[in-house]
Amino acid sequence: MKKETIAIAVIFLVVGFLAGYITDAQLNWKARQKALPTGMEAPAGGATSAPAGGVMPSGLPEGHPPIDSAALIKQMEDMAAQNPKDPEVRLKLANFLYDQKQYNQSIEWYQRALELDPKNVNAHTDLGTAFFYIGRPQDALEQYRQSLEMNPQHEPTLLNCIVVNLEGTHDYAAAQRAWDRLHKLNPNQPALASLKERLDAARAGGAALPH
C-alpha cells in the first residue's frame with residue numbers, strides 16, 4: 001500500500017471517529033443534525049464541542065488521547081484540496097469547525113460542500129444554524145426554507161424554524177406556523193411543549209423568556 005493511501009486512510013479513520021461521537025451525542029435523530037441552544041435539543045456540537053488547541057472534547061471515551069484540533073483541521077483541508085470533487089470531506093470539516101464553535105469558518109465549508117452537493121438537506125440545515133449563531137437569522141431561515149423545499153418533513157429544520165423565528169426575528173406568527181406544522185407531523189416531539197410555553201409567553205408580552 002502506498003504511503004499516500006495509508007495517510008488518507010488514517011485521516012478518514014480519525015474523521016470517521018469524530019463523526020461517530022458527534023452523532024451519538026444527538027437526541028435520537030437518525031441523521032446528523034444541528035439544533036439550536038434552547039434547552040430542548042442538544043446541538044450536535046454543543047454537547048460535545050471543545051475549544052481548539054487539542055483539548056479533549058467531552059463525549060470521547062475515557063482514556064482517549066486529546067485531539068489536536070488544529071492539526072486535524074489542516075489534514076482535512078489538505079484532503080479537500082486533494083479531492084476537489086468530493087463534498088464529504090468538506091462536510092466533515094464544516095461539522096468539525098461547527099463543533100469547535102468556529103462558526104464563520106464552518107459556514108465557508110458548508111457552502112463549499114453544498115456547491116458540490118446542493119441537495120444535501122442536513123448541510124443546508126447545519127449551515128442555517130451556523131448563520132444563527134453569528135447573528136444572521138434571516139440567512140438561517142433561508143437555508144431552512146431550502147431544506148424544507150427538499151424535505152417538508154425534516155423535523156430538525158422545523159424545530160430550528162420555530163426557535164429562529166422566536167428568538168432571532170421575533171416573528172411569533174411564523175414561529176407558531178412552524179410549531180403547528182411540526183406538531184401535526186410528530187405530536188410526540190419532546191421539544192414541542194416547552195417551545196409552546198415560550199411562544200405563548202412571548203406573544204403575551206409577559207416576563208422575559210427563560211433560557
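## Quick look at the confidence of the model for the chain
Point 1. In this model, the chain carries a mean pLDDT of 77, and residues with pLDDT of at least 70 account for 65%.
Point 2. Predicted confidence for residues 1-32 stays below pLDDT 50, and this span has 46 contacts to residues more than four positions away or in other chains.
Point 3. Confidence over residues 207-211 falls short of pLDDT 50; this stretch has 6 contacts with residues more than four positions distant or in other chains.

## Description of unusual backbone geometry
Point 1. Phi angles above zero are rare outside glycine, and Lys101 is one such case at about 65 degrees.
Point 2. Residue position: Lys101 is located in the loop between helix 3 (87-99) and helix 4 (103-116).
Point 3. With relative accessibility at 48%, the residue Lys101 sits in the partly exposed group.
Point 4. Not every positive phi belongs to a glycine, and His170 is a case in point at roughly 60 degrees.
Point 5. With respect to the secondary-structure elements, His170 resides in the loop between helix 7 (155-168) and helix 8 (172-185).

## What about the pattern of salt bridges?
Point 1. All told, the structure shown has 8 salt bridges when counted by the stated rule.
Point 2. Glu142 is the salt-bridge partner of Arg145, the closest N and O atoms lying 2.5 Å from each other. Here Glu142 and Arg145 lie together in helix 6 (residues 137-150), a separation of 3 residues that amounts to about one turn.
Point 3. In this structure, the salt-bridge partner of Arg198 is Glu167, at a minimum N-O distance of 2.1 Å. Taken as a pair, Arg198 in helix 9 (residues 192-204) and Glu167 in helix 7 lie far apart in primary sequence, 31 residues in all.
Point 4. Look at the salt bridges and you will find they share partners, linking Glu142, Arg145 and Glu149 into a network.

What counts, and where the lines are drawn
Residues numbered from 1 in each chain as written. Predicted model: local features only at pLDDT ≥ 70, side-chain atom pairs only at ≥ 80, totals over all residues. Heavy atoms only, no water. pLDDT = per-residue confidence, 0-100. Contact = heavy atoms within 4.5 Å. Helix = DSSP H or I, 4+ residues; strand = E, 2+ residues; numbered from the N terminus. Buried < 20%, exposed > 50% of the residue type's maximum accessible area, 1.4 Å probe, protein only. Salt bridge = Lys/Arg side-chain N within 4 Å of Asp/Glu carboxyl O.

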